[in-house]
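Architecture at a glance
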Amino acid sequence: MTHVSPAQNSSADSSKALYGGTGSRRLTVRDIAAAKQRGEKWPMLTAYDAMTASVFDDAGIPVMLVGDSMGNCHLGYESTVPVTMDETTLLSAAVVRGTRRALIVGDLPFGSYQEGPVQALRSATRLIKEAGVGAVKLEGGERSAHQIELLVESGIPVMAHIGLTPQSVNAYGGYPVQGRGEEAAQQLRRDAKAVQDAGAFAVVLELVPAELSAEVTRSLHIPTVGIGAGPDCDAQVLVWTDMAGMTGGRVPRFVKQYAQLREVLGGAAKAFAEDVVGGAYPAEEHSFH
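Residues numbered from 1 in each chain as written. Predicted model: local features only at pLDDT ≥ 70, side-chain atom pairs only at ≥ 80, totals over all residues. Heavy atoms only, no water.

1. Examining the overall build of the protein
Inclusion rule: Put simply, DSSP marks the helices as runs of H or I at least four residues long and the strands as runs of E at least two long, and each gets a number from the N terminus on. As defined in this context, the radius of gyration uses C-alpha atoms, and a globule is described by 2.2 Å times the residue total to the power 0.38. In what follows, a contact means two residues having at least one pair of non-hydrogen atoms within 4.5 Å. Accessible surface is estimated by sampling points in the Shrake-Rupley manner with a 1.4 Å probe; for residues, cover comes only from the protein chains shown. Positive charges are assigned to Lys and Arg, negative charges to Asp and Glu, while His and the chain termini are left out of the count. In plain terms, the charge of a residue is placed at NZ if it is Lys, CZ if Arg, CG if Asp and CD if Glu.
Counting its regular elements, the protein contains 12 helices and eight strands. By the compact-globule yardstick of 19 Å for 289 residues, the protein fits well, its C-alpha radius of gyration being 21 Å. Its C-alpha atoms give the protein principal-axis dimensions of about 65 × 60 × 35 Å. For the protein, the share of sequence-separated contacts (at least 6 apart) that also reach a separation of at least 24 residues comes to 57%. Accessible area of the protein: about 14,800 Å², with a carbon and sulfur share of 55%. The positive charge centre, built from 25 side chains, and the negative charge centre, built from 32, are 5 Å apart in the protein.

Now the structure itself:
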């Protein structure tokens, strides 16, 4: 029997890593499951267009969510509720075209799956066939279990989303932390188990107390993806415009901004405008004869 040293094992695991791995093929939900087994943490970002998605793909981001957050930060809506299947399909297809390696997850918008499993299958099938995504995401725990079951039985990987579910903003009356208090915590535990039992390959935990998220993460064999849910989830996701400092005004407490692109882009626009007004652009090197 060939002896494999810990260093060799580490090297082999490194080559398969979701972030920093050496493979070039498109990642799948099987890779996500393997990362959970290895105890590997991984990043996820939203993306809504081919160019931005290509930047994240080149940076090694292994999973991208074409989130219904497009409503707030890309389409100019006040919430995610108005986002349509047409918009989600169009933007998801663009993100798929802009990437080579990342697993692309398309969000099912409000009203596209709440009627029941058949409607959910119709909507998810459209994202798989027309946009080419590798998985879909939908909100809800126990209440969405039947939808998840049918999608998974039909060969469509599903990422679930529990805790704060933004499509329910009108029912919540805002964006409160979920799972505080024993009754609410028990419901979150039931929701997590329900989506796992229904066949979801991962579950987003949004605005959940860190201690409860850690407990849920330990109890599940599928990975948890945290957003405002503490450091112990298997993965972390941010809306890219928040992460990169493109969002104007206040950002949620859980957001860490890694750049100030709004200032950079605004500065570039002003410099261009001043060159045009002052006659400095276009110069001779930008002209044809």
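Structure shown, so let's carry the discussion forward.
2. Observations concerning a nonpolar patch on the surface
As a reminder, the rule being used: Patch rule: a residue counts if its relative accessible area is over 30% and it has no salt bridge; like charges are joined within 9 Å, and nonpolar side chains (Val, Leu, Ile, Met, Phe, Trp, Tyr) within 5 Å. Between Lys or Arg on one side and Asp or Glu on the other, a salt bridge is scored when a side-chain nitrogen of the former is within 4 Å of a carboxyl oxygen of the latter.
On the surface, Phe272, Val276 and Tyr281 cluster together into a nonpolar patch covering about 280 Å² of accessible area. In this fold, Phe272 is placed in helix H12 (residues 261-278).

3. Looking at the side chain of Glu206
Worth spelling out the cut-off: Using a 1.4 Å probe on the protein chains alone, a residue whose accessible area is under 20% of its type maximum counts as buried, one over 50% counts as exposed, and one in between counts as partly exposed. Residues adjacent in sequence count toward polar contacts only when both atoms are side-chain atoms; beyond that, a polar contact is any pair of N or O atoms within 3.5 Å, and within protein one must be able to donate a hydrogen and the other to accept it.
Examined against the element boundaries, Glu206 turns out to sit in strand S6 (residues 202-206). Despite its burial, Glu206 pairs with no opposite charge; the closest candidate is Lys137, at 6.6 Å N-O. A polar contact is formed between the side chain of Glu206 and the side chain of His161, at a distance of 2.9 Å. Contacts of Glu206, omitting those with residues within four sequence positions, involve His161, Ile162, Gly163, Leu164, Pro166 and Ile227.

4. Thoughts on the layout of surface pockets
So the rule is basically this: Cavities and pockets are defined on a 1 Å grid built over the protein atoms alone: a cavity is a set of grid points where a 1.4 Å probe fits but cannot escape, while a pocket is an open set with protein on both sides within 12 Å along at least five of seven lines, and lining residues are those with an atom within 4 Å of any such point. Grid points are joined across faces, edges and corners, and a volume is the space filled by probe spheres set on the points. We call Asp, Glu, Lys and Arg charged. Ala, Val, Leu, Ile, Met, Phe, Trp, Tyr, Cys and Pro are nonpolar, and the rest, Gly among them, are polar.
Approximately 670 Å³ is the volume found for the largest pocket. Around the largest pocket, the lining comprises 30 residues; the ones closest to its centre are Ser69, Pro166, Glu206, Val239 and Asp242. At the level of elements, helix H4 (70-73), strand S4 (135-139), S6 and helix H11 (240-243) are the ones that each hand at least two residues to the lining of the largest pocket. Its residues placed into classes, the lining of the largest pocket shows 14 nonpolar, eight polar and eight charged. Considering only enclosed or pocket space, the second largest pocket measures out at about 360 Å³ in volume. For the lining of the second largest pocket, the elements supplying multiple residues, two or more each, are strand S1 (42-46), strand S7 (224-227) and strand S8 (235-238).

5. Details of the packing of aromatic side chains
Two numbers describe a pair of aromatic rings. These are the distance of the centres and the angle of the planes. What counts, and what does not: Pairing of aromatic rings covers Phe, Tyr and Trp, the last counted by its six-membered ring, and requires centre-to-centre distances within 6.5 Å; plane angles under 30 degrees mean stacked, over 60 mean edge-to-face, and any other angle means tilted.
Going through the model one piece at a time under the given rule, you end up with two aromatic pairs. With centroids separated by 5.9 Å and ring planes inclined at 70 degrees, the aromatic side chains of Phe56 and Trp240 adopt a geometry described as edge-to-face. Here Phe56, found in helix H3 (residues 50-58), pairs with Trp240, found in helix H11; they are 184 residues apart in sequence, far enough to count as distant.

6. Focus on unusual backbone geometry
The bulk of non-glycine residues show a negative phi, and the bulk of peptide bonds are trans. Here the bond from Tyr281 into Pro282 is cis, since omega is 0 degrees, no more than 30 degrees from zero. Among the secondary structure elements, Pro282 is positioned in the segment after H12.

7. What about the pattern of salt bridges?
In the structure shown here, the tally under the stated rule is 11 salt bridges. We note a salt bridge from Lys137 to Asp107, for which the minimum N-O separation is 3.0 Å. With Lys137 in strand S4 and Asp107 in strand S3 (residues 103-107), this pair connects stretches of sequence that are 30 residues apart. For the pair Lys137 and Asp107, one class covers both residues: buried. For Arg189, the salt bridge identified is with Glu215, shortest N-O distance 2.6 Å.

8. Focus on the sheet that holds strand S2 (residues 63-66)
As a reminder, the rule being used: DSSP-based pairing: two strands are paired if at least 2 bridges between them are found. A fitted line through C-alpha atoms represents every axis, and for helices the fit uses only the stretch in contact; the resulting angles, taken between N-to-C directions, go from 0 to 180 degrees.
Pairing is parallel in the closed barrel, where eight strands are placed in the order S1-S2-S3-S4-S5-S6-S7-S8. Looking at each pair of strands side by side, their axes are set apart by 25 degrees on average, direction ignored. Here S2 runs beside S3; their pairing, made up of four bridges, is parallel. From the neighbouring strand, Met64 faces S3, where its bridge partner is Ile104.

9. Overview of the pairing of S3
On a regular strand, one side chain projects to one face of the sheet and the next to the other, so that they alternate. The test is simple: Crossovers are marked right-handed if the path from the first strand over the helix to the second runs clockwise, as seen with the strands pointing away from the viewer.
Counted residue by residue, S3 has five buried out of five residues, so it is predominantly covered. The pairing of S3 with S4 spans three bridges and is classified as parallel. Considered in S4, the bridge of Asp107 is made with Lys137. Between the parallel pair S3 and S4, the chain is carried across by helix H6 (residues 117-131), and the sense of this crossover is right-handed.

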